[in-house]
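Each chain, letter by letter, is given below.
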Amino acid sequence: NGGCQRCDALLALASAVERRSEHPVARAIMNAAEARGLGSVFASADEVTSVVGKGVTGTVLGRKVVIGSHTYFDADIAHSQESCAEVSAASRDGNTPVLISEDGVYRGYAIVADAVRGSSKDAVAALRALGVSTLMLTGDTAATGARVASQVGVDRVHADLLPQDKLKVIQAELSNPKTRIAMVGDGINDAPALAAASVGVAMGGGTAQAMETADITLMGDDLRKLPFAIRLARSAMGNIHANIAFAIAVKLAFFAIVLMGFGTLWMAVFADVGASIIVTLNGMR
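The paragraphs below set out a description of the structure included in this document. Counting restarts for each chain: residues are numbered from 1 in the order of the written sequence. This being a predicted model, a pLDDT of at least 70 is required before a residue's local features are given, and a value of 80 or more before pairs of side-chain atoms are given or counted; all residues contribute to the totals for chains, interfaces and linings. Each side-chain value is derived from all of the structure's non-hydrogen atoms; neither hydrogens nor water enter the calculation.

**Quick word on the packing of aromatic side chains**
The way to describe two aromatic rings as a pair is by their centre distance and the angle between their planes. Just so we agree on the cut-off: Aromatic contacts are taken between Phe, Tyr and Trp rings whose centres are within 6.5 Å, Trp giving its six-membered ring; a plane angle under 30 degrees counts as stacked, one over 60 as edge-to-face, and the others as tilted. Under the scheme applied here, a residue whose accessible area is under 20% of the maximum for its type counts as buried, over 50% as exposed, and between as partly exposed, the area being computed with a 1.4 Å probe on protein chains only.
Scanning the model with the defined rule gives two aromatic pairs in all. Plain terms: the ring middles of Tyr72 and Phe73 are 6.3 Å apart, the flat faces sit at 90° to each other, and that makes the pair edge-to-face. An identical accessibility class is assigned to Tyr72 and Phe73; each is buried. Ring geometry for Phe73 against Tyr106: centres 6.3 Å apart, planes inclined by 80°, an arrangement best described as edge-to-face.

So this is what it looks like as structure tokens:
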């Protein structure tokens, strides 16, 4: 019917712009367009520009298309009170609405819902078992953030954040000198916070900007690799401490033997080269 045709036209227009974006919302719109056979209606948009934390713009057949958040449209692009109420209701239900305009004229909106991966809850539980508290930073609405946090078991949530807001939260958490923050992210918007954290961790399936900024990149999109990485790091540090303690103990023991007059050349060789070999082999575990 006419309504579906209008929806398809809007989705095809949006997918032409989002085709050049790596954001999860862009992938959701692209997947929806492909599922309805609309992926090739328009060629990829030209002059695609990301409005950080707000949306994306591009040119399709000479027309400027803007895809952005409700806040962005409230400030820059007029839309009806009816649409505003519908979008606000979708936000309160924990969904993420994106609004679409063409040459400055509001055309409609799409609703995107976060699908929580089954591995996320397991990863958060594993982190808690390791004594790590979790804090979610999201640009989505407070309702969406609260819904996802309750599903995966995250301790705290900060929502409606722009990239600079995420950075401020990280800096505030780090104001306590005893606090260490590992920031996990996969998008362009996460890059400033990744750089500011004690350790930046990028997801392997994320954007190039995130992976270049982070200190560690997980191989893949499985969050369960994060608690594994923490266990591995703690094990490595345990090995380092054991090696240092062993090397110092051997040196002190040999020094004591020499002071008592029982030192020999072979003891000196063991205290030096032998200890180095043992430390190396222990480290290779």
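**Things to note about the nonpolar core**
We apply this condition: For the purposes of this section, nonpolar cores are sets of buried Ala, Val, Leu, Ile, Met, Phe, Trp, Tyr and Cys residues that join through side-chain atoms within 4.5 Å. By definition, any uninterrupted DSSP run of H or I lasting at least four residues is a helix, any uninterrupted run of E lasting at least two residues is a strand, and each is numbered from the N terminus. We call two residues contacting when some pair of their heavy atoms lies within 4.5 Å.
Of all hydrophobic cores here, the largest spans 20 residues; its most connected members are Val17, Ile29, Phe42, Val60, Val65, Ile67 and Ile100. Looking at this core, the elements with two or more residues in it are helix H1 (2–18), helix H2 (24–35), strand S2 (55–60), strand S3 (63–68) and strand S4 (96–102). Setting aside anything within four residues of it in sequence, one finds Ile100 in contact with Leu10, Ala14, Val65, Val66, Ile67, Phe73, Val105, Tyr106, Arg107 and Gly108. Listed in part, the twelve residues of the second largest apolar core include Leu137, Val169, Ala193 and Ala214.

**Observations concerning the packing of helix H5 (residues 118–129) against helix H10 (residues 225–259)**
Note the cut-off: Helix axes use the C-alpha atoms of the stretch in contact, all axes being lines fitted to C-alpha atoms, and the angles between their N-to-C directions lie in the range 0 to 180 degrees. Should an angle fall under 35 degrees it is taken as roughly parallel, and over 145 as roughly antiparallel, whereas 65 to 115 is taken as roughly perpendicular and any remaining angle as oblique. Just so you know the grouping, Ala, Val, Leu, Ile, Met, Phe, Trp, Tyr, Cys and Pro go in nonpolar, Asp, Glu, Lys and Arg go in charged, and all remaining residues, Gly too, go in polar.
Contact geometry of H5 with H10 gives a least axis separation of 8 Å together with a crossing angle of 25°. Taken as axis vectors, H5 and H10 run roughly parallel relative to one another. The residues of H10 that touch H5, namely those facing Ala123, Ala126 and Leu127, are Leu226, Pro227 and Ile230. Of the residues belonging to the contact of H5 with H10, the class tally is six nonpolar, no polar and no charged.

**Regarding the sheet that holds S2**
We apply this condition: Strand pairing follows a simple DSSP-based rule, namely that at least 2 bridges must link the two strands.
Judged by pairing direction, the sheet is antiparallel, and its five strands sit side by side in the order S1-S2-S3-S4-S5 without closing on themselves. Both edges of this open sheet fall to strand S1 (46–51) and strand S5 (105–112), since each of them pairs with a single strand only. On average, each strand axis in the sheet is inclined to that of its neighbour by 15°, with strand direction left out of account. Pairing of S1 with S2, which is carried by four bridges, proceeds in the antiparallel orientation. Each residue of the ladder has a partner; that of Thr49, found in S2, is Thr57.

**Things to note about the sheet that holds strand S8 (residues 182–185)**
The three strands are arranged S8-S9-S10 in an open sheet whose pairing can be described as parallel. Edge positions in the sheet fall to S8 and strand S10 (216–218), since each of these pairs with one other strand and no more. Sheet twist, expressed as the mean angle between neighbouring strand axes with direction ignored, is 25°.

**Let's talk about H5**
Quick note on the threshold: One less than the number of residues in a helix, times 1.5 Å, gives the span that helix is expected to have. To obtain the arc, one takes the directions from the helix axis to the C-beta atoms.
For H5, spanning twelve residues, the distance from its first C-alpha to its last is 18 Å, which sits close to the expected 16 Å at 1.5 Å a residue. Buried within H5 we find Ser119, Ser120, Ala123, Val124 and Leu127. Relative to the axis of H5, the buried residues are bounded by an arc of 135° and lie together on one face. In H5, the exposed positions that point more than 90 degrees away from the buried face belong to Gly118, Lys121 and Ala129. Here the buried face of H5 lies against helix H6 (142–152) and H10. Where H5 ends, the next residue or the one after it, Gly131, has phi of about 85°, a positive value.

**Brief notes about the side chain of Lys166**
Tracing the chain through its elements places Lys166 in helix H7 (residues 163–173). Assessed through its relative accessible area of 8%, Lys166 is described here as buried. Dropping the residues within four chain positions of it, Lys166 is found in contact with Leu137, Thr138, Gly139, Leu161, Asn189, Asp190 and Ala193.

**Quick look at the pattern of salt bridges**
Working definition: two side chains of opposite charge can pair if their charged atoms are close together. Condition: Put simply, a salt bridge is a Lys or Arg side-chain nitrogen that is within 4 Å of an Asp or Glu carboxyl oxygen.
A full pass over the atoms with the stated rule returns eight salt bridges. When the shortest N-O distance is used, the salt bridge between Arg36 and Asp8 registers 2.6 Å. Placement of Arg36 in the loop between H2 and S1 and of Asp8 in helix H1 is noted, with a sequence separation of 28 residues between them. Since its relative accessible area comes to 22%, Asp8 is described here as partly exposed. One salt bridge in this structure joins Asp190 and Lys166, with 2.9 Å as the shortest N-O distance.

**Structural notes on the layout of surface pockets**
Leftover empty space is mapped by rolling, across the atoms, a probe with the size of a water molecule. Basically, it comes down to this: Think of a 1 Å grid over the protein atoms and nothing else: a 1.4 Å probe that fits but is trapped marks a cavity, an open set flanked by protein within 12 Å on at least five of seven lines marks a pocket, and residues with an atom within 4 Å of a point count as lining. Grid points are joined across faces, edges and corners, and a volume is the space filled by probe spheres set on the points.
Of the voids in this model, the second largest pocket is the one considered here, and its volume is about 450 Å³. Those elements giving two or more residues to the lining of the second largest pocket turn out to be H1, H2, S4 and S5. No other element matches H1, which puts seven residues into the lining of the second largest pocket. Class assignment of the residues belonging to the lining of the second largest pocket gives a composition of 14 nonpolar, one polar and five charged.

So far we have only geometry, and geometry alone does not tell us how the molecule works.
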